[in-house]
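Structural description and commentary
For reference, the chains in residue letters:
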Amino acid sequence: MRKGWRVLSVALLLACSPEYEVLRSLPADKPGKAGAGGTGTGGSSSGEGAAGSFSLAGSITGGQTSIGGEAQAAGETSGGKASGGTGTGGNCTSHLDCGEGTVCSASQCVACPTTPTDCDFKSCENGFQRRLADYNGCTVCECAPVSECDRKAECAAGQECYPGSQCAPGCREPSCCSGNRCGAPGCEGSPIPHCVAAGCAGGAVCLAACSGVRCECDGAAWRCAESPAAGGAPGESCPQACVSP
């Protein structure tokens with residue numbers, strides 16, 4: 001009787017199609033890659049930073065493991081690009097979203113263009129100046145805001161020289177940025193919040209509802225207002241956005 005019950009139990013187990021939920025973490029020395037793995041049956045994944053600690057969920061059906069989903073690394077932009085940039089064809093909002101040998105053009109990462117000999121052909125708005133800039137091993141022509149200073153000594157007594165937003169990759173010093181502004185101490189570490197005054201990171205294009213903005217540090221935070229026209233009063237706001245070059 002006992003032997004017959006054991007045989008029946010084994011038969012019932014073999015009749016079932018095994019399906020198990022798998023949950024594991026990748027080792028810290030093997031970071032996940034954005035977009036890796038595609039979409040698997042019942043799969044999902046989530047990233048927790050550039051260190052590469054990911055929790056992957058999938059299923060085993062018929063003895064085969066399927067791990068699906070799209071892992072995201074910390075610092076990436078929408079579209080599944082890791083913080084190190086993406087190759088040709090990836091989505092982007094600035095050159096910083098693209099990988100080595102590519103730049104952002106019309107929201108897509110494309111191969112380096114032919115190095116321009118000058119920027120005379122490019123027109124700029126908001127009083128910006130044309131200049132050549134290097135990103136990801138490529139040279140491009142871009143529009144950048146004029147700086148009030150390159151160092152503290154060029155500002156009035158007691159003021160600081162704050163870096164703008166349009167800087168060489170990896171730099172946050174006034175000496176390698178455009179859109180620098182003089183201001184009272186107290187705004188260190190706070191970016192100047194308007195692209196007409198400070199430009200856009202990564203060579204993105206500044207779109208704004210006005211052509212002039214004055215930004216001042218009040219000792220704790222930046223206050224920006226539309227520059228007044230001749231004889232007029234300062235505006236209270238000037239909608240703005242940084243968009244793909």
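The text that follows walks through the structure, step by step, so that each part is easy to find.

How each quantity is defined
- Position numbers for residues count from 1 along each chain, tracking the sequence in the order it is written.
- At least 70 in pLDDT is required for a residue's local features to be given in this predicted model, at least 80 for side-chain atom pairs to be given and counted, and no such filter applies to totals for whole chains, interfaces and linings, which use all residues.
- Side-chain measures were taken over the full set of non-hydrogen atoms in the model, leaving aside hydrogen atoms and water.
- A run of H or I in DSSP counts as a helix once it spans at least four residues, and a run of E counts as a strand once it spans at least two, with each numbered from the N terminus.
- Buried residues are those whose accessible area, probed at 1.4 Å on protein chains only, stays under 20% of the maximum for their type, while exposed residues exceed 50% and partly exposed ones sit between those limits.
- Throughout, a residue-residue contact means that at least one pair of heavy atoms, one from each residue, lies within 4.5 Å.
- Two N or O atoms form a polar contact when they lie within 3.5 Å of each other; inside protein one atom must be a possible hydrogen donor and the other a possible acceptor, and for residues adjacent in sequence the pair counts only when both atoms belong to side chains.
- Here, a disulfide means two cysteine sulfur atoms that sit within 2.5 Å of each other.
- What counts as a ring pair is set by centres within 6.5 Å for rings of Phe, Tyr and Trp (its six-membered ring), and what kind of pair is set by the plane angle: stacked under 30 degrees, edge-to-face over 60, tilted for all other angles.

In this fold, S227 is placed in the loop between β15 (222-226) and β16 (240-243). The exposure class assigned to S227 is partly exposed, which follows from its relative accessible area of 28%. Separated by 17 residues in sequence, S227 and C210 have C-alpha atoms that sit 8.4 Å apart. When sequence neighbours within four positions are dropped, the list of residues in contact with S227 reads G212, V213 and R214. Side-chain polar atoms of S227 contact the backbone nitrogen of V213, separated by 3.3 Å.

Moving on to the side chain of D97. Examined against the element boundaries, D97 turns out to sit in the loop between β4 (64-67) and β5 (102-105). With relative accessibility at 11%, the residue D97 sits in the buried group. From its side chain, D97 meets the backbone nitrogen of T93 in a polar contact 2.8 Å long.

Take the state of the cysteines next. As enumerated under the stated definition, the model contains 14 disulfides in all. Between C167 and C177 runs a disulfide, and the two sulfur atoms are separated by 2.0 Å. Here C167 and C177 share a disulfide; its torsion about the S-S bond, 105 degrees, makes the bridge right-handed. Taken together, the residues span a long stretch of sequence, with C167 in strand β10 (residues 166-167) and C177 in strand β11 (residues 177-178) at a distance of 10 residues. Side by side, C167 and C177 carry an identical accessibility label, which is buried.

It is worth spelling out the packing of aromatic side chains at this point. On inspection of all chains with the given rule, the structure shows 1 aromatic pair. Here the aromatic rings of Y162 and W222 are separated by 5.0 Å at their centres, their planes lie at 80 degrees, and the arrangement is edge-to-face. Here W222 lies in strand β15 and Y162 lies in strand β9 (residues 160-162), a separation of 60 residues in the sequence. The same class applies to Y162 and to W222, which are both buried.

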